[in-house]
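Spelled out from the first residue to the last, the chains are:
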Amino acid sequence: MSVVRRALPGDAEEVLRLRQVMIDSMFASDPSVAWHGESLPTLRAKLGECDGDFAAFVVDHPERPEALACLVAGTIDYRIGKTADPQGMVGFVFSVATDPDARRRGYARACMTTLLEWFRERGARRVQLTASPEAEPLYVSLGFRPKPDPLLELAL
């Protein structure tokens, strides 16, 4: 089974590489990676925070030392409470990517399970994400339910 771990500041370049894999697969966007250099310092700092509102979990690539096979990242947002969620803590998954040569091995599921636990530990009762059609079956199998398209939500 894959070993999921918290991403560290030294993983920042690989985290950005996998984020780019996700962006390229979901959006018709500029394939430029010029923004990576500007993003790296902030990402490194965020990856160094253990008690913040951001977390990234990764699996090391089994065949390529120094590379990551999978990334899952999310944040917790505060929203004023309501009846079903008095504390107003909402998790948002914004980046899930598996290296193309490491897919279909359960890495995304393992990382998502770890991120969902991280959300629970911090009091989130809901988790939201936007899914590609290819990834939606994974999220549905984890308990996410469609909301107004394309948002999915999981009650914790």
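Source: prediction; values computed, not measured. (Residues numbered from 1 in each chain as written. Predicted model: local features only at pLDDT ≥ 70, side-chain atom pairs only at ≥ 80, totals over all residues. Heavy atoms only, no water.)

A.B. asks: When you look at the packing of aromatic side chains in this model, what are you seeing that I'm missing?
C.D. replies: The description of two aromatic rings rests on the distance between their centres and on the angle between their planes. Under the criterion given, the structure shown has 3 aromatic pairs. With a centroid separation of 5.9 Å and an interplanar angle of 75°, the aromatic rings of Tyr 139 and Phe 144 are classed as edge-to-face. (Phe/Tyr/Trp six-rings, centres within 6.5 Å; stacked < 30°, edge-to-face > 60°.)

A.B. asks: I tried to follow the sheet that holds strand E6 (residues 145–146) on my own but got confused; where do I start?
C.D. replies: Across a sheet, strands are paired by hydrogen bonds formed along the backbone, either parallel or antiparallel in direction. Taken in spatial order, the 7 strands of this open sheet run E1-E2-E3-E4-E5-E7-E6, and their pairing is mixed. What marks the edges here is a single partner per strand, and that holds for strand E1 (4–6) and E6. Here E6 runs beside strand E7 (residues 151–155); their pairing, made up of 2 bridges, is antiparallel. Bridge pairing in E7 places Pro 146 opposite Leu 152. (Pairing = 2+ DSSP bridges. Helix = DSSP H or I, 4+ residues; strand = E, 2+ residues; numbered from the N terminus.)

A.B. asks: Help me understand the packing of helix H1 (residues 12–26) against helix H2 (residues 35–48), please; the structure alone is not making it clear to me.
C.D. replies: Between two packed helices, both the angle of their axes relative to each other and the distance between the axes serve to describe the pair. Their axes nearest at 9 Å, the elements H1 and H2 cross at an angle of 120°. Between H1 and H2, the angle falls in the class oblique. The way H1 lies across H2 gives a crossing that is right-handed. Where H1 abuts H2, its residues Ala 12, Glu 13, Val 15, Leu 16, Arg 17, Gln 20 and Ile 23 lie against Trp 35, His 36, Ser 39, Leu 40, Leu 43, Arg 44 and Leu 47. Residues that form the contact of H1 with H2 fall into these classes: 8 nonpolar, 3 polar and 3 charged. (Axes fitted to C-alpha atoms, helices over the stretch in contact; angles between N-to-C directions. Parallel < 35°, antiparallel > 145°, perpendicular 65-115°, else oblique. Left-handed = near helix turned anticlockwise from the far one by under 90°. Contact = heavy atoms within 4.5 Å. Nonpolar A, V, L, I, M, F, W, Y, C, P; charged D, E, K, R; others polar.)

A.B. asks: It is not clear to me how the pairing of E7 should be interpreted in this structure. Could you clarify?
C.D. replies: Consecutive side chains along a regular strand alternate between the two faces of the sheet. Judged from the 5 bridges that link them, strand E5 (residues 126–130) and E7 form a sheet pairing that is antiparallel. Its bridge partner being in E7, Val 127 is matched across the sheet by Leu 154.

A.B. asks: Got a minute to help me understand the pattern of salt bridges in this structure?
C.D. replies: Opposite charge on two side chains makes pairing possible when the charged atoms of those side chains draw close. Taken as a whole and assessed by the stated rule, the structure comprises 16 salt bridges. Ionic pairing is found between Arg 120 and Glu 117, a salt bridge with its closest N-O pair at 3.8 Å. In this pair, Arg 120 and Glu 117 both sit in helix H3 (residues 107–121), 3 residues apart, roughly one turn of the helix. Classification of Glu 117 as partly exposed rests on a relative accessible area of 37%. Here the salt bridges share partners, and the residues they tie into one network are Glu 14, Arg 17, Arg 64, Asp 99 and Asp 101. (Salt bridge = Lys/Arg side-chain N within 4 Å of Asp/Glu carboxyl O. Buried < 20%, exposed > 50% of the residue type's maximum accessible area, 1.4 Å probe, protein only.)

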